[in-house]
2 protein chains.
Amino acid sequence: MKKTFDDLIAKLKDVPTKKVAIACAQDSAVLEAVKAAKDRGIANAVLVGDEVKIKEVADSLNISLDDFEVIHVADDYEAALKAVKLVHDGEADMYMKGLIDTRSFLKSVLDKEVGLRTGAALSHVCVFEIEGIDQLLFLTDVAFIPYPTLEDKVNMIKNTLIITEACGIENPKVAPLAAVEVVNPKMPVTVEAAELTRMYKDGEITGCIIDGPLSLDLAIDPEAAIHKGATDREIRGDADILLFPDIHAGNLVYKALVHTATVKNGNILTGTKAPVILTSRSDNFESKVNSIALGAVVADKMKNL
Amino acid sequence: MKKTFDDLIAKLKDVPTKKVAIACAQDSAVLEAVKAAKDRGIANAVLVGDEVKIKEVADSLNISLDDFEVIHVADDYEAALKAVKLVHDGEADMYMKGLIDTRSFLKSVLDKEVGLRTGAALSHVCVFEIEGIDQLLFLTDVAFIPYPTLEDKVNMIKNTLIITEACGIENPKVAPLAAVEVVNPKMPVTVEAAELTRMYKDGEITGCIIDGPLSLDLAIDPEAAIHKGATDREIRGDADILLFPDIHAGNLVYKALVHTATVKNGNILTGTKAPVILTSRSDNFESKVNSIALGAVVADKMKNL
């Protein structure tokens, strides 16, 4: 049966409403997404930033601030530190970027006093519902780690397993992707994919099934797996987690899906002790709302790490 | 106005029917595609290979061989050499792989006596019609060159320009793709993309516009280009040629398009003095027919190199 983004959002009905803390909330796209998340019962928000500017932006969008807690901090980086501290202290459940540059925002995430470090390296997970594909797909990493090492890839898988578990997916299937589905010593990506598979088989990585290298058709299309006679593979079109060789491959596939397929998607940063929402200019409105929803779904699981 | 694969095929009505020479034609998927190409007036074929086996496969598919010239050569590699020589000698217009391993097939393409060398390195071009995108997209290289150097990329662009010109696209826009649209010294792909752009601006590469590095949204989605305020770019959602950083990125995007979007596509090898059609098991029936059509459209242009 097809799994949908709405299935994820439905999980939120059974738990206390989560709250997202916004760093520099004077951003129209973010305020619109936060307002929709509130109206749909997905999450509440606390808006940290320059109160006058927040009010101006809210007024221009006809959004009433009566529904939101607003905390005035004029300086951008101080506002970010205040917002992330709310999450650090458990007064909010997740942390979202507003009108502040990405570098400063990430610096606040990693702040030793009030940030959200767990000891793990950060990585990015993008969750897709795609027309024609039954399972939700968890893509990593399409936005954050440029050229992951083998060690990075192990960490990316572990970070993503927390997200899949929170989304109710038991023993997910991880596809380390490449152009081909066999090891080719001239393609280091395939060698690393095979090494990840060995680590799974030898019990060094648990809580999932890993089968790579895998081409994308074998990973997501059961008919292609049948057609290619891939009866000896553990993944036959039913991968849950797509592990990309590098940020170029990941980001280009991500944008191909967003711009040519019928999809719903949401993205978060993981490896932190709360979901971090780092949407970009190129994300549309619904994906921003979905990112907040995804954060709300996984927040409790990440908190317990 | 939207350009379609059918627009390309329509060009074939105005020229003498082309002929494809098949290396080891005893392959059911290839025979079906060749039969459809014949029936639709796309191309004729000469079937080289083991005549008894070709007859068996044709019979099993209820395909009459009366419409085709069959040349009996029992040995696989000898059959390939015979088929490629027909193209080399101008008795056929393009060369297609049947039931022979890729390595032997490519060896015949590169044979110094009867092969199809031009001096250029070979590269792969995949032509896509995609629902929601007005222009045809020419992807290179999603299947042949694993890790292209800057020199390879220049060659890939030049090889592809022959194909776009044969398809009637004047001064095509070439997008050297990356995860980002700005140069980042930590991402060599972006540095090479900028160097290709410089080569275009300095007149070292002509017959096209090059603008990179470019993210995929800016390359194929005019609305995304407006939304991101990309007014200073030469490409704003209207790229014709997508140049991929490596085979993993290219192949993963290729398969994402085939398996999640609504597309028509055909593929050929270029850098040769005739189109070489190297379809794989994972290509569906229509894409095999489209590949023959693409070869027929571009054959005259490649011959005149």
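Look above for the structure.
Here the structure is a predicted model, which means the values were calculated and not measured.

With that settled, the discussion passes to the relation of the copies chain B and chain A. With an axial shift of 0.0 Å and an RMSD of 0.0 Å, the rotation relating chain B to chain A amounts to 180°. Expressed as a symmetry operation, the mapping of one chain copy onto the other fits a two-fold axis. Minimal C-alpha separation from the rotation axis in chain B is found for Ala249 of chain B, amounting to 1.9 Å.

Turning our attention to the packing of aromatic side chains. The final tally for this structure, using the stated rule, is four aromatic pairs over all chains. Taking the centre distance of 4.6 Å and the plane angle of 20° together, the rings of Tyr95 of chain B and Phe105 of chain B count as stacked. One end of the pair, Tyr95 of chain B, is in strand S4 (residues 94-97); the other, Phe105 of chain B, is in helix H5 (residues 102-109), and 10 residues separate them in sequence. When sorted by exposure, Tyr95 of chain B lands in the same class as Phe105 of chain B, which is buried. Over the aromatic face of Tyr77 of chain A sits the side chain of Lys107 of chain A, whose NZ or CZ is 4.8 Å from the ring centroid.

On to the interface of chain B and chain A, then. With 37 residues of chain B at the interface, the matching set in chain A holds 37 residues. Together chain B and chain A conceal approximately 3000 Å² of surface at their shared face, both sides included; 69% is due to carbon and sulfur atoms. Here chain B is connected to chain A by two salt bridges. Of the charged contacts in the structure, one is a salt bridge between Asp217 of chain A and Lys255 of chain B, with a shortest N-O distance of 3.8 Å. Inspection of the region where chain B meets chain A yields four residue pairs in polar contact (both at pLDDT 80 or more). For the side of chain B that touches chain A, the secondary-structure elements that each account for two or more residues are helix H7 (188-201), helix H8 (216-220), helix H9 (222-227) and helix H10 (247-260) of chain B. In terms of residue count, the dominant contributor to the side of chain B that touches chain A is H10 of chain B (11 residues). Here the side of chain B that touches chain A is built from residues that sort into 22 nonpolar, seven polar and eight charged.

About the cut-offs
- Residues numbered from 1 in each chain as written.
- Chains lettered and ligands numbered in written order.
- Predicted model: local features only at pLDDT ≥ 70, side-chain atom pairs only at ≥ 80, totals over all residues.
- Heavy atoms only, no water.
- Least-squares fit on C-alpha atoms with pLDDT ≥ 70 in both.
- Phe/Tyr/Trp six-rings, centres within 6.5 Å; stacked < 30°, edge-to-face > 60°.
- Helix = DSSP H or I, 4+ residues; strand = E, 2+ residues; numbered from the N terminus.
- Buried < 20%, exposed > 50% of the residue type's maximum accessible area, 1.4 Å probe, protein only.
- Lys NZ or Arg CZ within 6 Å of the ring centre and 35° of its normal.
- Contact = heavy atoms within 4.5 Å.
- Buried area = accessible area lost by both parts, 1.4 Å probe.
- Salt bridge = Lys/Arg side-chain N within 4 Å of Asp/Glu carboxyl O.
- Polar contact = N/O pair within 3.5 Å; in protein donor to acceptor, adjacent residues only side chain to side chain.
- Nonpolar A, V, L, I, M, F, W, Y, C, P; charged D, E, K, R; others polar.

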